[in-house]
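Given next are the chains, with one letter for each unit.
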Amino acid sequence: MTKIIHIRARHWFLLFTVFALTASLLLSGEKHTVSVQGQTIQAGDNGRIILIDPGHGGFDGGAVGVNGTVEKNVNLAISLKLRDMLNDAGFTVVMTRESDCALNDTGDTTIRKRKISDMRARLNLTKLYPGSVLISIHQNKLSGDSRVHGAQIFFSPNEPSSKELAQSIQSEFNSRIQPEKPREVVKTGKNLYLFYHAQNTAVLCECGFLSNPEEEALLCTDEYQYKAAYCIYSGLLQWYGGNT
Ligand SMILES: [Zn+2]
């Protein structure tokens, strides 16, 4: 009985969210048009949307671990777990990718062109959902020192709330996963195109080091991927709690 009531309550909450989102789109009158993968898409200015961006994908594998783990796969696995948690909590989630693919235009002939077009497409999604919160998920790698490990959260310099969100997520990782070696958040620089240009609240979660064999092995397990996704989820909820 309790479960039925719970499901109904959630159902109503989801219906309300969809209704509120539709109403805000209709009332806002402000429309944005962007190009994503060669298609023109239009959307209104809407908040409370979480844009999850699993780093790399398709032709771009990202970093490769000491034992051969390909970063793009870990990024996607953690992102899908985070997506499910946020969906269950009633958030509207948009994913830049939900499979092993890149976002570049099909006509791109060189790797460089593909990378630029892939990054532009991800940036276009942040413009399509200007009120959304961007969470990019990546894994780190450091050549020459396989001992370095741990999660570190980076934030975009453009929207001041990005640092607060990064700190909230970082403190979840610090207390739940790495209390012996807590880390500080770091501001992204010009070299990270997406974060340099995104105007949304935007954070980059480097969940661990693929150059550390122990952490690489952990990052490949469902359990650790859930832990990482939960730290991001929990940090996001706490940040939202202080911003409502
Ligand atoms: Zn990466």
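Residues numbered from 1 in each chain as written. Predicted model: local features only at pLDDT ≥ 70, side-chain atom pairs only at ≥ 80, totals over all residues. Heavy atoms only, no water.

Caption draft 1: Just the coordination of the zinc ion, in detail. Only His-56 (NE2), Glu-71 (OE), Glu-71 (OE) and His-138 (ND1) from the protein reach the zinc ion as donors, at distances of 2.1 to 2.8 Å. Donor residues for the zinc ion, ordered by position in the chain, follow H-x14-E-x66-H. Remark: His-138 occurs in strand 5 (residues 131-140) and His-56 occurs in the loop between strand 3 (47-54) and helix 2 (71-88); sequence separation between them is 82 residues. This pair shows no difference in class: His-56 is buried, exactly as His-138 is. (Donors = N, O, S within 2.8 Å, 3.2 Å for Na, K, Ca; no water. Helix = DSSP H or I, 4+ residues; strand = E, 2+ residues; numbered from the N terminus. Buried < 20%, exposed > 50% of the residue type's maximum accessible area, 1.4 Å probe, protein only.)

Caption draft 2: Structural context of the state of the cysteines. Inspection of the entire model under this criterion finds zero disulfides. For Cys-207, which is in no disulfide, the shortest distance to another cysteine sulfur is to Cys-205 and amounts to 5.8 Å. No disulfide involves Cys-231; its sulfur sits 8.7 Å from the nearest other cysteine sulfur, which is in Cys-207. Note on Cys-231: relative accessible area 1%, which makes it buried. (Disulfide = S-S within 2.5 Å.)

Caption draft 3: Fine view of the pattern of salt bridges. Within this structure, the stated rule accounts for eight salt bridges. The partner of Arg-83 in a salt bridge is Glu-98, with the nearest N and O atoms 2.6 Å apart. Within this pair, whereas Arg-83 is found in helix 2, its partner Glu-98 is found in the loop between strand 4 (92-95) and helix 3 (111-128), the two being separated by 15 residues in sequence. Sharing partners across several salt bridges, the network here consists of Asp-53, Asp-118 and Arg-122. (Salt bridge = Lys/Arg side-chain N within 4 Å of Asp/Glu carboxyl O.)

Caption draft 4: Fine view of the packing of aromatic side chains. Scanning the entire structure with this criterion turns up three aromatic pairs. With a centroid separation of 5.3 Å and an interplanar angle of 35 degrees, the aromatic rings of Phe-91 and Tyr-240 are classed as tilted. In this pair, Phe-91 sits in the loop between helix 2 and strand 4 while Tyr-240 sits in helix 7 (residues 222-241), placing the two residues 149 residues apart along the sequence. You can call Phe-91 buried: its relative accessible area is 14%. Between Tyr-230 and Tyr-233 the ring centres are 5.8 Å apart and the planes differ by 45 degrees, which places this aromatic pair in the tilted class. Remark: Tyr-233 and Tyr-230 occur in helix 7; sequence separation between them is three residues, near one turn of the helix. What makes Tyr-230 partly exposed here is its relative accessible area of 36%. Judged by its relative accessible area of 15%, Tyr-233 falls in the buried class. Following the ring pairs from residue to residue traces out a cluster consisting of Phe-91, Trp-239 and Tyr-240. Lying across the ring of Tyr-226, Lys-81 places its NZ or CZ 5.0 Å from the centre. Geometry around Phe-59 places Arg-114 over its ring, the cationic atom sitting 5.5 Å from the centre. (Phe/Tyr/Trp six-rings, centres within 6.5 Å; stacked < 30°, edge-to-face > 60°. Lys NZ or Arg CZ within 6 Å of the ring centre and 35° of its normal.)

Caption draft 5: Just helix 7, in detail. The end-to-end C-alpha distance of helix 7, which contains 20 residues, comes to 28 Å, matching closely the 28 Å that a straight helix rising 1.5 Å per residue would cover. Taken residue by residue, helix 7 has Tyr-224, Gln-225, Ala-228, Ala-229, Cys-231, Ile-232, Tyr-233, Ser-234, Gly-235, Leu-236, Trp-239 and Tyr-240 as its buried positions. (Expected span 1.5 Å × (residues − 1).)

Caption draft 6: Geometry of the environment of Asn-67. Mapped onto the secondary structure, Asn-67 falls in the loop between strand 3 and helix 2. Residue class for Asn-67 comes out exposed when judged on its relative accessible area of 61%. Sequence-wise, Asn-67 and Glu-216 are 149 residues apart; in three dimensions their C-alpha atoms are separated by 7.7 Å.

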